[in-house]
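Fold and geometry: a report
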There are 2 protein chains.
Amino acid sequence: MSKTLIFGHKNPDTDSITSSLVMANLEKALGNDVEACRLGKINKETQYVLDYLKMDPPTLIDSVEDGADVILVDHNNPMESIDNIDNVNVKKVIDHHAVVLTTGYPLYYRAEPLGCTETVLYKLYKEYGVEITKEIATLMVSGIVSDTLLFKSPTCTPMDKEVAEELARKAGVDIVEYGLEMLKAGTDISDLSVDEILALDAKEIDIKGNKVLINQVNTASIDDVMKMKDALEEGINKAIEEKGLDLFMLLITDIVNSNSQTISIGKRADLVEKSYNVVLEDNTALLKGVVSRKKQVIPVLTDNA
Amino acid sequence: MSKTLIFGHKNPDTDSITSSLVMANLEKALGNDVEACRLGKINKETQYVLDYLKMDPPTLIDSVEDGADVILVDHNNPMESIDNIDNVNVKKVIDHHAVVLTTGYPLYYRAEPLGCTETVLYKLYKEYGVEITKEIATLMVSGIVSDTLLFKSPTCTPMDKEVAEELARKAGVDIVEYGLEMLKAGTDISDLSVDEILALDAKEIDIKGNKVLINQVNTASIDDVMKMKDALEEGINKAIEEKGLDLFMLLITDIVNSNSQTISIGKRADLVEKSYNVVLEDNTALLKGVVSRKKQVIPVLTDNA
């Protein structure tokens, strides 16, 4: 029997990568034959974590054989997963997102409305009595810091914070110092092409029949990113044409001050204006206090569509 | 704030009723304001359990206000739930079925491919350190015996059996003696009308565009039930017309010898013939070894549709 492959979503973020590694470690401790995988490039934030731990990334895969056993972490939406998700055997899901996947068979499904998959995994380690090593604790705390923007995101729950603080002690890191360094490493887009920036953390979703792509780029300075506005708009327009999008919403999120500047283009750009009561001038507007795509963007656009 | 309502599926079986009570007890122990509810009549098997414990059934409800907080146990399929499921806030799901529900928001979703919801609930009690009293143990073991037909169903896992045996000790019951009495109580259909028999444990599902209703009646004697064949067929034909069904598949399951006699009617009755390599004579055929709708009927019909 071949190994069960564990992976997070496409365009993997730090939670998807670390959750894959942390879940693989748990399954191995329970005697299961698994392999940590990923569906895309390691971003700079995650690379900071792997460098800190001198650890190799999960195995890069771009497809899985039909019928293979897989475990999904940090996602369940088929649009964010491998292309043949309907033809594989999803054995387990460990997640913290809305339920989108449907299966024709019962499976192990474990999701909680928490800020990060790692907080769910932390509970699983406790339940199974599997040791959380210094290395695993560092992976876990990195995922939580990333997904909650160091506890500033409205997706962050008291439990995420409590777990992260305990994990930081176990990892032997100062959570604010380590976390800010990690987040800042992720905002370095100086050597990325516009296409790479626009693919960094892109989620394509269907909002009431509208094909919407929401891309989020974290930064320590919105002004620095907005210097590239013309080139970004060109890339966005290209993506709209190629993918037949109704709306491309780019969020440039200031992780220090917790605001987002958006560049929104497409025939449903009115959704952004309606949702945040703003006027897009030259395709752009400041969305005060908006940092979470999951809590402050997707449901708001959906309500206004 | 109003109470969170906890309920299992329509046409509740013993697992749905006991899980509602057991989950309510757990939530209350955790300080949450909840109420155990049910979406339909108590069947005789479940009544045996409630009588044994001198316990009232959960509150009967037929609707829930839009926006209400609910917890689903033993189901997640909207077709088996309250009619306005899309307009309520599903806070948690505790289940052991395929994932069918989709939500626009993250929630606590806990499902495992086990024989019974109670086995998942048993794990939750352990995780939260909540005491399993003699009464709760009796409810739990009753659910497991019911769903697994006293461990004979192919849906039964080693964990269901192990948990049930521990619970039986805690409940102070001889599991075989108590279990058989309970199952037999459930097979007493002597005072039921044909319409009541046909509604006992009916699941309506969509199989590749076909509207299929699968009804299961447990019995200690197939012959006894087949004496009513003419009246059952009349009721089935009425249901087909009223609900616009493509197939009505009645399973008369012999819980002692683990076989099912089917009466299958409808323009897609060929699905049954193809799926089990049988010929329906006068609408009926014996399906040897078939006892589980979930494992031996729904997926088999789906594969052959």
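Because the structure is predicted, anything quoted here is derived from the model rather than measured.

Right, let's talk about the overall build of chain A for a bit. Looking only at helices and strands, one finds 12 helices and 11 strands in chain A. Rg of the C-alpha trace for chain A: 19 Å, near the compact-globule value of 19 Å for 305 residues, within the 12% margin. Its C-alpha atoms put chain A at 55 × 45 × 35 Å along the principal axes. Residues classed as buried in chain A amount to 60% of the 305 residues present. Counting only carbon and sulfur atoms, one obtains 47% of the accessible surface of chain A, whose full area is about 12600 Å². When the 32 basic and 51 acidic side-chain charges of chain A are each reduced to a single mean position, those positions are 3 Å apart.

This paragraph deals with the pattern of salt bridges. Residues and elements named next belong to chain A. Counted according to the given criterion, the structure contains 38 salt bridges over all chains. Measuring nitrogen to oxygen at the nearest pair gives 2.8 Å for the salt bridge that ties Lys10 to Asp83. Of the two residues, Lys10 sits in the loop between strand 1 (4–7) and helix 1 (14–29) while Asp83 sits in the loop between strand 4 (69–73) and strand 5 (89–95), which places them 73 residues apart along the sequence. Ionic pairing is found between Glu196 and Lys41, a salt bridge with its closest N-O pair at 3.5 Å.

Before going further, it helps to examine the relation of the copies chain B and chain A. Expressed as a screw operation, the relation of chain B to chain A combines 0.0 Å of axial shift with a rotation of 180°, fitting to an RMSD of 0.0 Å. Viewed as a symmetry operation, the transformation between the two copies matches a two-fold axis. Minimal C-alpha distance to the rotation axis in chain B is attained by Arg110(B), lying at 2.5 Å. In this assembly, 100% of the residues forming the interface of chain B have copies in chain A that are likewise at the interface, indicating an isologous arrangement.

With that out of the way, let us pick up the domain arrangement of chain A. Interfaces are often sized by the amount of accessible area the parts lose when they come together. Residues and elements named next belong to chain A. Domain parsing of chain A yields domain 1 (4–185) and domain 2 (194–304). When each unit is reduced to the centre of its C-alpha atoms, the spacing between domain 1 and domain 2 is 25 Å. Opposite the 16 residues of domain 1 that make contact, domain 2 presents 18 residues. A combined buried area of about 1500 Å² lies between domain 1 and domain 2, and 56% of that area is made up of carbon and sulfur atoms. Interface area lost by domain 1 to domain 2 is led by Asn11, Leu149 and Pro154, which between them contribute 32%.

Below, the discussion takes up empty space enclosed by the protein. Applying the stated criterion to the full structure yields two cavities of 30 Å³ or more. Of the pockets and cavities examined, the largest cavity occupies roughly 50 Å³. As for the largest cavity, its lining consists of His96(A), Pro113(A), Leu114(A), Gly115(A), Thr155(A), Thr157(A), Lys294(A), Lys295(A) and Pro106(B). Class assignment of the residues belonging to the lining of the largest cavity gives a composition of three nonpolar, four polar and two charged. If you add up the space inside the second largest cavity, you get close to 30 Å³. Looking at the second largest cavity, the residues that line it are Met23(A), Leu26(A), Glu27(A), Leu30(A), Lys92(A), Ile94(A), Tyr108(A), Leu124(A) and Tyr128(A). Secondary structure elements with two or more residues in the lining of the second largest cavity: helix 1, strand 5 and helix 3 (117–128) of chain A. A per-element tally of the lining of the second largest cavity places helix 1 of chain A first, with three residues. Its residues assigned to classes, the lining of the second largest cavity shows seven nonpolar, no polar and two charged.

So, on to the packing of aromatic side chains. Tallying each qualifying case throughout the model produces five aromatic pairs over all chains. Here the aromatic rings of Tyr48(A) and Tyr178(A) are separated by 5.9 Å at their centres, their planes lie at 50°, and the arrangement is tilted. With Tyr48(A) in helix 2 (residues 44–53) and Tyr178(A) in helix 6 (residues 175–187), this residue pair connects regions lying 130 residues apart in the sequence. A residue is classified by how much of its surface remains accessible, and Tyr48(A), at 25% relative accessible area, is partly exposed. Geometrically, the ring pair formed by Tyr109(A) and Tyr109(B) is tilted, given 4.6 Å between the ring centres and 55° between the ring planes. In this pair, Tyr109(A) sits in strand 6 (residues 108–111) while Tyr109(B) sits in strand 6 (residues 108–111), so the two residues belong to two different chains. An aromatic cluster is defined as three or more aromatic residues linked by ring pairs; in this entry it consists of Tyr48(A), Tyr52(A) and Tyr178(A). For the cation-ring pair, Lys92(A) lies above Tyr108(A), with the distance from its terminal atom to the ring centre recorded as 5.1 Å.

Here the focus is the confidence of the model for chain A. In the predicted model, chain A carries a mean pLDDT of 94, and 100% of its residues have values of at least 70. Two numbers describe this predicted complex: its pTM, 0.80, and its ipTM, 0.77.

The subject of this paragraph is the interface of chain B and chain A. Counting from both sides, the interface comprises 20 residues of chain B and, opposite them, 20 residues of chain A. Together, the buried faces of chain B and chain A total about 1700 Å²; carbon and sulfur atoms form 62% of this surface. There are two salt bridges connecting chain B and chain A. As a salt-bridge pair, Glu127(B) and Arg110(A) come within 3.9 Å of each other at their nearest N and O atoms. Joining chain B to chain A, the criterion identifies four residue pairs in polar contact (both at pLDDT 80 or more). Considering every element that reaches the side of chain B that touches chain A, the biggest residue donor is strand 6 of chain B, with four residues. Across the side of chain B that touches chain A, the residue classes break down as 11 nonpolar, five polar and four charged. Of the strand pairs in this sheet, strand 6 of chain A and strand 6 of chain B are connected by three bridges, and their pairing is antiparallel. Opposite Ala111(A), over in strand 6 of chain B, you have Tyr109(B) as the bridge partner.

What counts and what doesn't
Residues numbered from 1 in each chain as written. Chains lettered and ligands numbered in written order. Predicted model: local features only at pLDDT ≥ 70, side-chain atom pairs only at ≥ 80, totals over all residues. Heavy atoms only, no water. Helix = DSSP H or I, 4+ residues; strand = E, 2+ residues; numbered from the N terminus. Rg over C-alpha atoms; globule rule 2.2 N^0.38 Å. Buried < 20%, exposed > 50% of the residue type's maximum accessible area, 1.4 Å probe, protein only. Areas by Shrake-Rupley, 256 points an atom, 1.4 Å probe, with all protein chains shown as cover. Lys, Arg positive; Asp, Glu negative; His and termini not counted. Charge placed at Lys NZ, Arg CZ, Asp CG, Glu CD. Salt bridge = Lys/Arg side-chain N within 4 Å of Asp/Glu carboxyl O. Least-squares fit on C-alpha atoms with pLDDT ≥ 70 in both. Contact = heavy atoms within 4.5 Å. Domains from an automatic or database assignment. Buried area = accessible area lost by both parts, 1.4 Å probe. 1 Å grid on protein atoms, 1.4 Å probe; cavity = no way out; pocket = protein on both sides within 12 Å on 5 of 7 lines; lining within 4 Å. Points joined across faces, edges and corners; volume = space filled by probe spheres on them. Nonpolar A, V, L, I, M, F, W, Y, C, P; charged D, E, K, R; others polar. Phe/Tyr/Trp six-rings, centres within 6.5 Å; stacked < 30°, edge-to-face > 60°. Lys NZ or Arg CZ within 6 Å of the ring centre and 35° of its normal. pLDDT = per-residue confidence, 0-100. Polar contact = N/O pair within 3.5 Å; in protein donor to acceptor, adjacent residues only side chain to side chain. Pairing = 2+ DSSP bridges.

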